[in-house]
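So you can see what is in the structure, the chains are spelled out below.
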Amino acid sequence: IYSKDGLPGFYKGWFTTMIGIAPYIAIKMATFDILKTRYLPDKNMAHFDLINLSFGAIAGMVSMTATYPLDLIKRKMQLVGVGKHNRTYGSLMHCINSTMLHEGPRGFFRGL
């Protein structure tokens, strides 16, 4: 990586990662809080721990699905030139536009 792209090569996709972390955490925490507030009002409820765990899993799935396109774009930018990933991207927007053009909306959820 260093010989081809120099030090900046190690940070490809960093900006997208930083953009993706905040929404992921916000969506996960909000979903968990909504589920807990609406469906689990009492800690003495039967099977509280199992239900609480299930709400955490649901919140994780919702947040991952919502932020998956950003993660996919990050990975595409990081994998440029590795193996069969021969498409190059000049910027975050170029990667997004290229994905939409070549793969359509479903391309943002490939591998989910």
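Here the structure is shown first, and the text comes after it.
Bear in mind that the values here come from a model prediction, so they are computed numbers and not experimental data. Residue positions are counted from 1 within each chain, in the order its sequence is given. With pLDDT at 70 or above as the cut-off, local features in this predicted model cover only qualifying residues; side-chain atom pairs require 80 or more to be listed or tallied, and sums for whole chains, interfaces and linings still use all residues. Where side-chain values are given, they derive from all heavy atoms of the structure, hydrogens and water being excluded.

Participant: Can you break down the overall build of the protein chain residue by residue, with the values?
Facilitator: Helix and strand assignments come from DSSP, with helices taken as H or I runs of at least 4 residues and strands as E runs of at least 2, each series counted from the N terminus. Each helix and strand in the protein chain was counted, giving four helices and zero strands. Walking the protein chain from its N terminus toward its C terminus, one meets helices and strands in the order α-α-α-α. Relative to the globule expectation of 13 Å for 112 residues, the C-alpha radius of gyration of the protein chain, 19 Å, shows a markedly less compact shape. Here the C-alpha coordinates of the protein chain stretch approximately 60 × 30 × 20 Å along the principal axes. Put simply, the protein chain has 112 residues, and 28% of those count as buried. For the protein chain, the share of sequence-separated contacts (at least 6 apart) that also reach a separation of at least 24 residues comes to 52%. Areas reported here follow the Shrake-Rupley algorithm with a probe of radius 1.4 Å; residue values treat only the protein chains shown as occluding. Of the accessible surface of the protein chain, which amounts to about 8000 Å², a share of 65% is contributed by carbon and sulfur atoms. The globule rule is 2.2 Å times the number of residues to the power 0.38, and the radius of gyration it is compared with is taken over C-alpha atoms. For the exposure calls, accessible area comes from a 1.4 Å probe over protein chains only, and a residue counts as buried if that area is under 20% of its type's maximum, exposed if over 50%, partly exposed in between. The criterion used for residue contact is that any of the two residues' heavy atoms lie within 4.5 Å.

Participant: Which residues make up the environment of L70, and what values do they have?
Facilitator: By the element assignment, L70 lies in helix 3 (residues 48-78). Assessed through its relative accessible area of 27%, L70 is described here as partly exposed. Once the C-alpha coordinates of L70 and F109 are considered, the two residues, 39 residues apart in sequence, prove to be 9.7 Å apart.

Participant: So what about the nonpolar core? Which residues, and what values?
Facilitator: Definition of nonpolar core: a set of buried residues of the types Ala, Val, Leu, Ile, Met, Phe, Trp, Tyr and Cys, connected through side-chain atoms within 4.5 Å. The biggest cluster of nonpolar side chains holds seven residues, and these are I73, M77, V80, Y89, L92, C95 and F108. Elements represented by at least two residues in this core include exactly helix 3 and helix 4 (92-103). In this view, L92 contacts F15, T16, I19, I73 and M77; residues no more than four positions away in its chain are not counted.

Participant: Please set out the side chain of S98 residue by residue, giving values where relevant.
Facilitator: Mapping S98 onto the fold places it in helix 4. The buried category is assigned to S98, whose relative accessible area is 7%. Excluding residues that lie within four positions of it along the chain, S98 makes contacts with R87, Y89 and E103.

Participant: If you had to explain the packing of helix 3 against helix 4 to someone new, which residues and values would you point to?
Facilitator: Angles run from 0 to 180 degrees between N-to-C directions of axes, and those axes are lines fitted to C-alpha atoms, restricted for helices to the stretch in contact. Packing of helix 3 against helix 4 leaves a shortest axis separation of 10 Å and a crossing angle of 105 degrees. Between helix 3 and helix 4, the angle falls in the class roughly perpendicular. Of the residues in helix 4, those touching helix 3 at I73, K76 and M77 are L92, C95, I96, T99 and E103. Here the contact of helix 3 with helix 4 is built from residues that sort into five nonpolar, one polar and two charged. Roughly parallel covers angles under 35 degrees, roughly antiparallel covers those over 145, roughly perpendicular covers 65 to 115, and oblique covers all other angles. Lys, Arg, Asp and Glu make up the charged group, whereas Ala, Val, Leu, Ile, Met, Phe, Trp, Tyr, Cys and Pro make up the nonpolar group; the residues left over, Gly among them, are polar.

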